[in-house]
Amino acid sequence: MGALHQVDSNTNGNGSGTAKDGSRTTIKSWAPATGELLGEVRVSTKDEIRAAVARARKAQAAWGVLPIEERCERLLRLRDALVDRADEIVDVVSRECGKPRHDCLSHEVTVTVDLLSYYCKNAARILAPHDIGLHLLKHKKSSIHYAPRGVVGVISPWNFPFVIPMGDVLAALVAGNAVVLKPSEVTPLSIQKAKEIFDGTGLPEDLFTVVYGYGEAGQALIESGIQKLVFTGGVETGKRVAAACGANLVPCVMELGGKAPLIACADCDVERTARAIVFGGFVNSGQVCISVERVYAHESVHDQLVARVKEITGTLRQGDPNGTETVDVGAIIFPKQIEIAEKHIADAVAKGAQIVSGGKKRTGAGQFFEPTVLTGCDHTMTVMKEEIFGPIVPIQKVASEDEAVRLANDSHLGLNAYVFTKNREKGKRIAQRIEAGSVVVNDVLVNYAAAEAPFGGIKQSGFGRVHGDDALRDMCDARHVFSGRVPEPSSDPLWFPYSSKAYRWQMRVLRALFSRGSIVKRIGKLF
Ligand code: NAD
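Thresholds, definitions, all that
Residues numbered from 1 in each chain as written. Predicted model: local features only at pLDDT ≥ 70, side-chain atom pairs only at ≥ 80, totals over all residues. Heavy atoms only, no water. Helix = DSSP H or I, 4+ residues; strand = E, 2+ residues; numbered from the N terminus. Buried < 20%, exposed > 50% of the residue type's maximum accessible area, 1.4 Å probe, protein only. Polar contact = N/O pair within 3.5 Å; in protein donor to acceptor, adjacent residues only side chain to side chain. Contact = heavy atoms within 4.5 Å. Axes fitted to C-alpha atoms, helices over the stretch in contact; angles between N-to-C directions. Parallel < 35°, antiparallel > 145°, perpendicular 65-115°, else oblique. Left-handed = near helix turned anticlockwise from the far one by under 90°. Near = heavy atom within 4 Å. Areas by Shrake-Rupley, 256 points an atom, 1.4 Å probe, with all protein chains shown as cover. Domains from an automatic or database assignment. Salt bridge = Lys/Arg side-chain N within 4 Å of Asp/Glu carboxyl O.

*Asks:* Help me understand the side chain of Ser 285, please; the structure alone is not making it clear to me.
*Replies:* By secondary structure assignment, the location of Ser 285 is in the loop between helix H9 (270-282) and strand S12 (292-298). On the basis of relative accessible area, Ser 285 is assigned to the buried category, the value being 1%. For Ser 285, the side chain forms a polar contact with the main-chain oxygen of Gly 330, separated by 3.2 Å. For Ser 285, the residues in contact, after removing those within four places along its chain, are Val 329, Gly 330, Ala 331, Ile 332, Gly 390 and Pro 391.

Here's what the structure looks like:
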């Protein structure tokens, strides 16, 4: 049994070693479910981060020129190792996050392995050069070629410490890049395990480097000459990171916070909807960017739905997931998240909400907060407007689906959203009216597991996408190659010397092509 966690609530709660000059030199990893010290890593200096990027660049030069098929073949060895050592990954992630082993296996390992499989199977097609038909310059030919960008930086959060960074790392590697990753300071051991497995597969060591540290290390990575950054984290950090990327002209993907609404229509299947609310709200203790963070229940099903949500919530088994596969809800990552949950509840109750289940932190060892259901909620309450990132499901009664859509869109965030109705076509129509990157009908969270589908947000939930074909292409520079279809003459009518005659000729061409009713336009139906 290690030392118990002493919390510094000004930080994310992980203790750190401090050098004489005040800088933090080590990061300690604590088990949120028990308070045990699990391990420690050394903080990388700015020079080390810069050197890691320089080494990655050398490794990339050899990796990026390999045929895609060969890169994928070698990365599939990593997939085999991830599958073989899945239990080890589950052990580390489960202890470091206090999350149930089921969550770790399905969400962290399986989704990572599936994404790698999809990309390896399809990369040659997705990254194949392709021609673009030109509607005006018929005598020319255009094609797009995808070339690896170089070194991709990844900065990741603690809530999915394996799948989020590894998804980005693997996409970058498949596309021919090298990667330098700075994981969250809260969960360094999960990615240390990933790196250990990577190094055991014979892939070039410098192709994937992990640097450890706090915000300053992330900043240093952005300033170290990377060609792209994939950032996942909170909105406020995202603004700082995007500004740093702007200052260094580093293209970036921003995967930020969420406030997923769930609309329970009058014709929803109440049992499925209730179970989805409980799962979507409480899986990983609600610490999911696409958690069900607010429910709009039609008045005709509201009471029945609340009753079932309460009953099902009452059956959840909460506790330390270590050594058991029958814990449903685990711990909260650090005390600050518990304080945030308490503040939301106090605000909601002061404004008239009722606590139907839970509502408080558990006493005893570890950091646990009871799965909490609130009713009588409305948009004056922070719990309906700001990201909770904890096990709280606030429910608001609505008179119509139009009201539900209006409230769903009354948010500065737009990552995921959910619609429940027995009429799937109606669900899809409502989905198109909701301002979110992804809208799921009659299910929750599952879109993240669709390797083919783009994932990401709109509004302040960020920009750019991970997963899907476009995200893999975006790990590359799209290079446009432009050439002639016919032998080129020795000069061109649009080149020098300019003349009045050439100008008049150009005017005639403009009118012939674009004036309404022009003969060329009618015959050619070109434009
Ligand atoms: P965070 O913003 O506190 O930290 C994220 C990462 O950014 C960490 O690695 C951190 O060290 C680093 N960082 C902090 N300051 C930095 C700086 N100035 N420059 C560079 N890097 C810096 O987020 P968190 O608490 O780890 O994660 C929770 C948040 O992440 C939630 O808001 C959640 O919604 C969001 N999230 C989003 C997605 C998504 O896909 N959209 C997925 C998971 C989590």
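*Asks:* Explain the packing of helix H1 (residues 46-63) against helix H7 (residues 215-222) here, please?
*Replies:* A pair of packed helices can be characterised by two numbers: the angle between their axes and the separation between those axes. Interhelical geometry of H1 versus H7 gives an angle of 40° and a closest axis separation of 9 Å. The orientation of H1 with respect to H7, classified from their angle, is oblique. Note that H1 runs across H7; the crossing there is right-handed. The segment H1 lies against H7, with Lys 46, Ile 49 and Val 53 engaging Ala 217, Ala 220 and Leu 221.

*Asks:* Looking at this structure, how should I read the site of the ligand?
*Replies:* Neighbouring residues of the ligand: 29 residues in total, closest Ser 156, Glu 185, Thr 237, Leu 256 and Glu 387. Trp 158 has a polar side-chain atom sitting 2.8 Å from an oxygen atom of the ligand. In the complex, 90% of the free accessible area of the ligand, which totals 860 Å², lies under the protein chains. In terms of residue count, the dominant contributor to the shell around the ligand is H7 (three residues). Composition of the shell around the ligand by domain shows at least three residues from each of domain 1 (10-128 + 138-256 + 468-478) and domain 2 (261-449).

*Asks:* What's the story with the domain arrangement of the protein in this structure? I'm lost.
*Replies:* Bring the parts together and some accessible area is lost; that lost area is often taken as the interface size. According to the domain assignment, the protein consists of domain 1 (10-128 + 138-256 + 468-478), domain 2 (261-449) and domain 3 (495-527). In this structure, domain 1 and domain 3 have C-alpha centres spaced 53 Å apart.

*Asks:* Please clarify how the pattern of salt bridges should be interpreted in this entry.
*Replies:* Oppositely charged side chains are able to pair whenever their charged atoms sit close together. Enumeration over the complete set of coordinates arrives at 35 salt bridges. For the salt bridge of Arg 125 with Asp 469, the shortest nitrogen-to-oxygen distance reads 3.3 Å. With a gap of 344 residues between them, Arg 125 in helix H4 (residues 101-126) and Asp 469 in helix H15 (residues 468-473) connect regions that are remote in the sequence. For Asp 469, a relative accessible area of 16% corresponds to the buried category. Residues Asp 267 and Lys 426 are paired through a salt bridge, measuring 3.1 Å at the closest nitrogen-oxygen approach.

*Asks:* Looking at this model, I keep getting lost on unusual backbone geometry. Mind explaining?
*Replies:* Leaving glycine out, the prevailing phi sign among residues is negative, and the prevailing peptide bond configuration is trans. The peptide bond linking Phe 496 to Pro 497 adopts the cis configuration, its omega dihedral lying at 0°. Within the secondary structure, Pro 497 sits in the loop between strand S21 (476-484) and helix H16 (500-514). The phi angle at Asn 284 is positive, at roughly 55°, despite the residue not being glycine. If you trace the backbone, Asn 284 turns up in the loop between H9 and S12. Owing to a relative accessible area of 3%, Asn 284 belongs among the buried residues under this scheme. Phi angles above zero are rare outside glycine, and Phe 389 is one such case at about 60°. Inspection of the secondary structure puts Phe 389 in the loop between helix H12 (382-385) and strand S15 (392-398). Phe 389 gets classed as buried once you look at its relative accessible area, which sits at 13%.

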